[in-house]
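Architecture and fold: a report
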Amino acid sequence: MTYPPWLDDFLWTYQNVIHALGINGLLALSMYVVLAVGQLSLGQAAFMGLGAYSSALMTLKLHLPFFVVLPASCVVPALFALAIGVPTLRLSGVYLAIATIGLGEVLRAIYLNLDVLGGALGLSGIPQRTETWMIYLLLIVAIAVLWRVGHSRIGRAMEAMREDPNAAQVMGVNVQRYRLGALVASAVLAGVAGALGAHASNFIGPNEYGFEPAVTILSYALLGGIGTPFAPVLGAWILTLLPEVLRGFSDFRGVFNGLIIVLAVLFLPNGLLALRMKRRAA
Amino acid sequence: MTLLSTAGLTRKFAGLVAVDGVDMAVEVGSVHAVIGPNGAGKTTLFNLISGLVEPTSGSIDFNGNDISRLPVHARAGLGMARSFQNIRIFSAMTVLENVLTGLHSTITAGVGAIVLRLPGFHRAEKTAVERARMALELVGLSSKSELLAGALPYGDQRRLEIARAMAAHPRLLLLDEPAAGMNPAETSSLAALVRRIRDAGTTVLLVEHDMGFVMDISDAVTVLNFGRRIFHGPPGAIRQEPAVIEAYLGKKMAARLAARKDGQKAIAP
């Protein structure tokens, strides 16, 4: 795809930030899908890592073209989401959160110790196949799909089960199926984001998908809110741009993120964009 | 014809037998009340019927299907709906959206139709909104359909719960203490509403403490005490039943009443 010269210049200069905004937007949406059904997952970074590693291997070892690799990158994360979701989503409460933290740590240990995955050095030399338009096309499609699903019986069921799962079941909502569906959808979004990231940055390593990035992804949704799909994306953009603006304080990035989570929980329980989605199409 | 029946239905909670071998039959087209002192197992019985609690033993038959182990959401699909003792509306959603949620299993549009906004999706939503408005009309909440449910006054929230349960025209409506916290005027309009629901073809099974209300609208009454069924029959016969009087008033008072009826002087034991 060719851009006009001024845009080309701009994209070249800020390419990394522009990619990060789109990819983090997708990650924020993957968090949103889980929170929207009243569950808490700390495995979004793990799902992203599964997408990144599986897609990098497909490119590096199998030499598959990117238009095959990108859609296929969601398969492994989706399978892991099913394996974790089926036993934990029957239970209410924090079981999913705990299981997904465990998943992240187990995977990190596997990445570190398997030679085929590059060990502590990670995988490098990944060809740059990600184009900016791919990231933003997928982001727009994801927002549109989630927006439309939100304005339907599924959106109403999701909000109902977030408020009161038992009452929602009595209304005929198959709560467990929706929770599982949401977790798989979130793993797909995170996996695709991971593949896009891997093919934008040349290198992936085990520490990019651990507990800290998981908390950062959660803070996108906490800051932005989960009233509409736009809210978590806004949160992601603010938290992605902030370190760029405050470059001098880059050592304090973790402190800023922590502070924002605390302030958001205390003063903005519904996030920055507290608007609520109308649950009807008409 | 029997719509709902239980056979030897039992639920134990860590040593406490909350529901103990209850046999019950609810006739199609009737208003059936379950009464009993506090802790008699009435709400547990409701939770067993709607599936929120699994039976320890015994069975539940609904419209010819054994539903004892059926998941909660599937029972809604068979035509069962309920309200809760402590109101459980979705308070952050609007009144209309609450009722639309009650129509969940009747709306057939799949994910593909929803995402692509196929004609089937619009048709299904339109039908659902029409049905939801009818249910709101039934309980007299039409003018408040766009308000947030949590902002409604208490009496309206109770009626919203009934509208949400009634939206899908269930075969059986379970009402758990619908008159709780209502004044006499609200209670009598609730009685009229329950009659309208029955006349429209929905069988009503209710738990209630307000005896005037129960005697007024019930076609049949089941009395529970300590999880056991101690009476089953028409409301008029309850007053004559020694076991019921004993459960409510205690052995001593029951004996005095019995003695007085026999024209003798009460003898203190």
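Residues numbered from 1 in each chain as written. Chains lettered and ligands numbered in written order. Predicted model: local features only at pLDDT ≥ 70, side-chain atom pairs only at ≥ 80, totals over all residues. Heavy atoms only, no water.

Description of the sheet that holds strand β9 (residues 220-225) of chain B
Whenever strands of a sheet pair, they do so through backbone hydrogen bonds, lying parallel or antiparallel. Residues and elements named next belong to chain B. To keep things clear, this is the line we draw: Strands pair, by our definition, only if DSSP identifies at least two bridges between them. Secondary structure is summarised from DSSP: a helix means a run of H or I of at least four residues, a strand means a run of E of at least two, and numbering begins at the N terminus for each. To define axes, lines are fitted to C-alpha atoms, for helices over the stretch in contact only, and angles between the resulting N-to-C directions are given on a 0 to 180 degree scale. Only heavy atoms matter for contacts: two residues are in contact if any of them lie within 4.5 Å across the pair.
The strand order across the open sheet formed by 6 strands is β6-β7-β8-β3-β9-β10, and the pairing between neighbours is mixed. Two strands in the sheet have a free side with no partner beyond their single neighbour: β6 (80-82) and β10 (228-233). The mean inter-strand angle of the sheet, taken between neighbouring strand axes irrespective of direction, is 15°. Across 5 bridges, β9 lies against β10 in antiparallel orientation. Counted as the bridge partner of L224 is R229 from β10. In the packing of helix α6 (residues 154-166) onto the sheet, contacts are made with β6 and β7 (172-176), and the angle to β7 comes to roughly 160°. Helix-sheet contacts for helix α9 (residues 242-249) involve β3 (31-35), β9 and β10, and the interaxial angle to β10 is about 130°.

Some points on the interface of chain B and chain A
Often, the extent of an interface is quoted as the loss of accessible area upon association of its parts. Stated formally: When two parts are brought into contact, each loses some accessible area as probed by a 1.4 Å sphere; the total of that loss over both is the buried area. Throughout this description, the term salt bridge denotes a Lys or Arg side-chain nitrogen within 4 Å of a carboxyl oxygen of Asp or Glu. Two N or O atoms form a polar contact when they lie within 3.5 Å of each other; inside protein one atom must be a possible hydrogen donor and the other a possible acceptor, and for residues adjacent in sequence the pair counts only when both atoms belong to side chains. Classification convention: Asp, Glu, Lys, Arg as charged; Ala, Val, Leu, Ile, Met, Phe, Trp, Tyr, Cys, Pro as nonpolar; all other residues, Gly among them, as polar.
Of the residues lining the interface, 33 residues belong to chain B; the matching set on chain A comes to 28 residues. Note on chain B versus chain A: buried area summed over both sides is about 2,900 Å², and carbon and sulfur give 61% of it. Sorting the residues of chain B by area buried against chain A places H73(B), F90(B) and H104(B) first, and these three jointly supply 22% of that buried surface. Across the chain B-chain A interface, the total number found is 3 salt bridges. With a closest N to O distance of 2.6 Å, E97(B) and R276(A) form a salt bridge. Joining chain B to chain A, the criterion identifies 13 residue pairs in polar contact (both at pLDDT 80 or more). Of all the secondary structure elements, the ones that give two or more residues to the side of chain B that touches chain A are α2 (72-77), α3 (95-102), α4 (111-116) and α5 (119-139) of chain B. No other element matches the 5 residues that α3(B) contributes to the side of chain B that touches chain A. The residue inventory of the side of chain B that touches chain A, partitioned by class, reads 18 nonpolar, 7 polar and 8 charged.

Remarks on the domain arrangement of chain B
All names here are of chain B. Put simply, the rule reads: Domain start and end points were adopted from an automatic or database domain assignment.
Domain annotation for chain B reports domain 1 (1-79 + 170-238) and domain 2 (90-167). Here the C-alpha centre of domain 2 lies 25 Å away from the C-alpha centre of domain 1. Across the boundary between the two partners, domain 1 contributes 17 residues, which contact 9 residues of domain 2. The interface formed by domain 1 and domain 2 includes 2 residue pairs in polar contact (both at pLDDT 80 or more). Contributing elements (two or more residues each) for the side of domain 1 that touches domain 2: α2, β7 and α7 (184-199). If you tally residues by element for the side of domain 1 that touches domain 2, the top one is α7, at 5 residues. Residues belonging to the side of domain 1 that touches domain 2 are distributed by class as follows: 10 nonpolar, 3 polar and 4 charged.

Points about the packing of aromatic side chains
The line we're drawing: Stacked, edge-to-face and tilted labels apply to pairs of Phe, Tyr and Trp rings (six-membered ring for Trp) whose centres lie within 6.5 Å, assigned for plane angles under 30 degrees, over 60, and everything in between, in that order. The criterion for a charge sitting over a ring is simple: Lys NZ or Arg CZ within 6 Å of the ring centre, and within 35 degrees of the ring normal.
Applying the stated criterion across every chain, the model contains 4 aromatic pairs over all chains. Between W147(A) and F230(A) the ring centres are 5.7 Å apart and the planes differ by 55°, which places this aromatic pair in the tilted class. With W147(A) in helix α7 (residues 132-150) and F230(A) in helix α12 (residues 230-245), the pair connects residues that are 83 residues apart, well separated along the chain. Members of the aromatic cluster, each reached through a chain of ring pairs, are Y53(A), Y111(A) and Y209(A). The ring centre of F84(B) lies 4.5 Å from the NZ or CZ of R88(B), which sits over that ring. Seen from the ring of F90(B), R164(B) lies directly overhead, with NZ or CZ sitting 4.7 Å from the centre.

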